[in-house]
Each structure stands twice: as structure tokens, then as C-alpha cells.
Amino acid sequence: MSERIITGFHAIEEKVLRAKDSGNNAGMRLVYSKPGPRVKKILSAAKEAGIPCSQADDRSLDGMVQALPETSRDHRGIVLCLSGEQAKTKNLVEFDEWLLAARAKPETERQTVVVLDSVTDPHNVGAIIRSCDQFGASLVVIPERRGAKDVESNEVIARSSAGSSAWVPVAVVSNLVRTVQLLKENGFWSYGADAGGENVTKMKFAPRSVIVMGSEGNGIARLLKEQCDTIVSIPTCGKIDSLNVSVAAGVLLYENYRQSL
């Protein structure tokens, strides 16, 4: 496997801290140019984690990020290089295995799954994963088709999630309808986000919840929407007819979390 390049302060810092906590720094190295305050903080944590650090000029860093998507090329003076096992995404899980573990937990224990249908913009996926981390979601489910491509190595997702993509479990599945059916068979209650649904501030999320988010253009696919036990909407007062999907997901996740406090 070729070396994987990570940029973005948050994404790098989270992976460094994870290596520090786990004691596993194999296949990791940092390359930096001029060490500003934020870079110094990361380098200090890397030293404690035993991660090799080397200094180079900005031109060298520019060359290292050349193959990344345009939005990920702003290295801001530091890049993290991963090779071997470290280059593989650790938060990807097999859905069947995750469900088996979830089934064994008490029915009253809060578990929240977010299902993304046709959410193809990696910035939105990353922002949703960030909200999932902040509000304690247990799993994000993304389809093999009609989803953000290459979720295993998408640096736009890593940056947009501010490092949360290193922590939140993600399952990539071939059939969202069947996935939601299996969740319902195991005690989950499904909620589809769409206009005209029940006011989210006036309903109660079940301890085991599935929040289904559709694309901003077409919403949730018909067959998947039919699997939703309840359609929920967010009351707004603006002049535009809808929220950005990542913002809407954040609001629903917050309400789900707030109700559990």
C-alpha cells in the first residue's frame, strides 16, 4: 500500500493523539516546515507518542500534497504520512458484526445510527460525522453507490469532520433498505428527515434510533422512506425552503442527544 498523506490540523492532531493513547505509532511520520504555535503543539504530542518528525521547506510539502483533492492541499506547514496498517481506515466496520454487538446491549441503552442516502458531497459527510462524534452517534451507514466515494481514504471527509472520522464507526453497505429493515428487526425505531413531518421538538426518540438523511435535491428514496416509522422535520423561520443536510443532521442529532440527558 502506498503512503497516505493527511493534512489539516484537526485530522492530524486526532490521529497523533490516538497513536499516543494506543501506543501504536508504527508507519507514522510527520513532516513540517515553519513551526507555528499549532504545529508546535502537534509536534509536542508526536514526540510523546514517539512519532518521527522531520523538517522540510514548503515546496517539499507542496509536492507531497500534489495528488490530494484541491481542498486538501492546504497543508498549513505540516503533513502526516501513514504507511502499512496505519494507512488503512480503522473506523470502518462490517455492519453485520456491528449489529451483532448492538443486539447484545441492553434495550434501554441509547444507540443512534445515522443513515445517509445519496449524500455525495464529502464536505457534508465529514460535517455529519463531526456532529455524530459530538452527539454520541453509534454508527454512520453509507451506501456503496450514491454515497461519498472512497470513504476509506477521502481526505476531504477527514478534514471536514475535524478529525472525528478517526473515531466514529462507519459501515458501507450495498442496500440501505435492507440495512434499515435489519435495524428495525433488532429493536431500532427509524426516523426519516423530510419537510412536512412531525415537529422534532414535540416527539420523543426511542433509545435505539435510526436517523435517515436524504440528499438535498431528491430527499430520501421512496423505498427507503417507506421503511421509516416516523417522518420528522425541523421547524424554521427562514425564507429558504430547506436546511443544508449536514446542518439538519446536526440539529436532529442534538435533539436526540438532549432527550437522553
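Above this text you will find the structure in question.
I will try to describe carefully the structure that is included in this document. (Residues numbered from 1 in each chain as written. Predicted model: local features only at pLDDT ≥ 70, side-chain atom pairs only at ≥ 80, totals over all residues. Heavy atoms only, no water.)

### A word on the overall build of the chain
When helices and strands are tallied, the chain shows nine helices and 10 strands. Across the 261 residues in the chain, those meeting the buried criterion constitute 47%. Long-range pairs, those at least 24 residues apart, make up 78% of the contacts in the chain with a sequence separation of at least 6. As presented, the chain carries roughly 13,200 Å² of accessible surface, and 49% of it is formed by carbon and sulfur atoms. (Helix = DSSP H or I, 4+ residues; strand = E, 2+ residues; numbered from the N terminus. Buried < 20%, exposed > 50% of the residue type's maximum accessible area, 1.4 Å probe, protein only. Contact = heavy atoms within 4.5 Å. Areas by Shrake-Rupley, 256 points an atom, 1.4 Å probe, with all protein chains shown as cover.)

### Quick notes on the sheet that holds strand β2 (residues 28-32)
The four strands lie next to each other as β1-β4-β2-β3, forming an open sheet whose pairing is mixed. Both edges of this open sheet fall to β1 (4-6) and β3 (53-55), since each of them pairs with a single strand only. The average angle at which neighbouring strand axes cross in this sheet is 25 degrees, direction not considered. Both β2 and β3 contribute to a ladder of three bridges, which runs parallel. When the bridges of β3 are listed, Leu30 appears paired with Cys53. In this fold helix α1 (residues 9-22) packs onto β1, β2 and β4 (78-82), with an angle of close to 50 degrees to the strand it touches most, β4. Running at roughly 150 degrees to β2, helix α2 (residues 37-49) makes contact with β2, β3 and β4 of the sheet. (Pairing = 2+ DSSP bridges. Axes fitted to C-alpha atoms, helices over the stretch in contact; angles between N-to-C directions.)

### With respect to the side chain of Gln227
If you trace the backbone, Gln227 turns up in the loop between α8 (222-225) and β10 (230-233). Residues contacting Gln227, with those up to four places away along its chain left out, are Val177, Val180, Gln181, Lys184 and Ser190.

### With respect to the packing of helix α4 (residues 95-103) against helix α7 (residues 176-185)
Where α4 contacts α7, the axes come no closer than 11 Å and their chain directions differ by 15 degrees. As summarised for this structure, α4 and α7 are arranged roughly parallel, according to the angle between their axes. Handedness of the α4/α7 crossing: right-handed. Here Phe95, Trp98 and Leu99 of α4 come into contact with α7, specifically with Thr179, Leu182 and Leu183. (Parallel < 35°, antiparallel > 145°, perpendicular 65-115°, else oblique. Left-handed = near helix turned anticlockwise from the far one by under 90°.)

### Some points on the environment of Val168
Tracing the backbone shows Val168 in the loop between α6 (155-160) and β7 (170-173). Separated by 34 residues in the primary sequence, Val168 and Gln134 place their C-alpha atoms 9.9 Å from one another.

### Details of the environment of Asn199
Positionally, Asn199 belongs in strand β8 (residues 189-199). For Asn199, the residues in contact, after removing those within four places along its chain, are Ser233 and Pro235. Within the structure, the side chain of Asn199 is placed 2.7 Å from the side chain of Thr201, a separation counted as a polar contact. (Polar contact = N/O pair within 3.5 Å; in protein donor to acceptor, adjacent residues only side chain to side chain.)

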